[in-house]
Structures are given as C-alpha cells and as structure tokens.
Amino acid sequence: QVQLVESGGGLVQAGGSLRVSCAASGRTFSNYFMGWFRQAPGKEREFVAAISWGGGSTYYADSVKGRFTISRDNAKNTVYLQMNSLKPEDTAVYYCAAKTSLANIRGPMGYDYWGQGTQVTVSS
C-alpha cells in the first residue's frame, strides 16, 4: 500500500503561480511512477503530467506543456507540480497518483494509488 497526501492548493489570480505537493508513505517511493491528474466540476478526470521513477523522464498534457513542471525528490518521498501562468481553465481538484508500470501513463485507470486531491482555483 502507498498513501498519498496532496497539499499546496489554493486560490490564485490568472497569470500567477502555485506549487502543489504530494507526500507518499508506505512502500519505497522510488519504485513508483508518479502522475498528476485534475478534475473540474462536470468533467472527467484528465491527465496533467507524469514522471518516471528516477525523475529522468517527464510527460505533459498539451494543455499545460511549457507552463507546468513536474519533479520529484525521492529522498523526501515527494512529487511536485509547479504551475506557472495559470489560467481560469486550470481550475480543478488536482490529484496525484502512483503506479509501478510504464504502460498507459496518461490514463487514470492505469494508476494503482490515489491521493484525496487538493483544490486549485484560478480567478480571472
């Protein structure tokens, strides 16, 4: 079992920045491929970003590429999502997720463990 706890969400104006974090506990963090997803009201959960076990490979949704950066600190068992140039359409609950395999990294069904989510609201 892996427990994931997100933090750092909040309210920010359009154009601003925010960093959300996800702290993991339970199993060896470096064994897990980590992802960030988000879900806005009335919409399906969508892929935002993912990072490989050692952090050497990162993946992004087209909608956030160039604005968001995913990173991880395996010594701290934490994955981060730095969000810059935020837009109102980035408003959502942001979830981190963990998986052991590389397959289907952009699909939520491929992840084994999920956090409870943290709300990010971008005002116009």
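The following paragraphs examine the structure supplied in this document.

About the thresholds
Residues numbered from 1 in each chain as written. Predicted model: local features only at pLDDT ≥ 70, side-chain atom pairs only at ≥ 80, totals over all residues. Heavy atoms only, no water. Pairing = 2+ DSSP bridges. Helix = DSSP H or I, 4+ residues; strand = E, 2+ residues; numbered from the N terminus. Axes fitted to C-alpha atoms, helices over the stretch in contact; angles between N-to-C directions. Buried < 20%, exposed > 50% of the residue type's maximum accessible area, 1.4 Å probe, protein only. Contact = heavy atoms within 4.5 Å. Phe/Tyr/Trp six-rings, centres within 6.5 Å; stacked < 30°, edge-to-face > 60°. Lys NZ or Arg CZ within 6 Å of the ring centre and 35° of its normal.

A closer look at the sheet that holds strand 8 (residues 78–83)
The strand order across the open sheet formed by four strands is 1-3-8-7, and the pairing between neighbours is antiparallel. In this open sheet, the two strands that pair with only one neighbour each are strand 1 (3–7) and strand 7 (68–73). Neighbouring strand axes in the sheet, compared pairwise and without regard to direction, differ in orientation by 15° on average. Pairing between strand 1 and strand 3 (residues 18–25): five bridges, direction antiparallel. Note on strand 3: the bridge partner recorded for Ser7 is Ser21.

A few points about the side chain of Ser21
Here Ser21 shows up in strand 3. Ser21 sits in the buried class, given a relative accessible area of 15%. Not counting chain neighbours up to four residues away, the residues in contact with Ser21 comprise Val5, Glu6, Ser7, Trp36, Thr78, Val79 and Tyr80.

Considerations on the packing of aromatic side chains
Summed over the entire model, instances satisfying the criterion amount to eight aromatic pairs. Taking the centre distance of 5.1 Å and the plane angle of 55° together, the rings of Phe37 and Trp114 count as tilted. Placement of Phe37 in strand 4 (residues 33–39) and of Trp114 in strand 10 (residues 113–114) is noted, with a sequence separation of 77 residues between them. The exposure class of Trp114 is partly exposed, given its relative accessible area of 26%. Relative to Trp114, the ring of Tyr95 has its centre 6.4 Å away and its plane inclined at 80°; by these criteria the two rings are edge-to-face. Placement of Tyr95 in strand 9 (residues 92–99) and of Trp114 in strand 10 is noted, with a sequence separation of 19 residues between them. Aromatic rings pair up to connect Phe37, Phe47, Tyr95, Tyr111 and Trp114 into one cluster. The ring of Tyr95 carries Arg45 above its face, with NZ or CZ at 3.8 Å from the centroid. The ring of Phe29 has Arg72 lying over it, and the distance from NZ or CZ to the ring centre is 4.4 Å.

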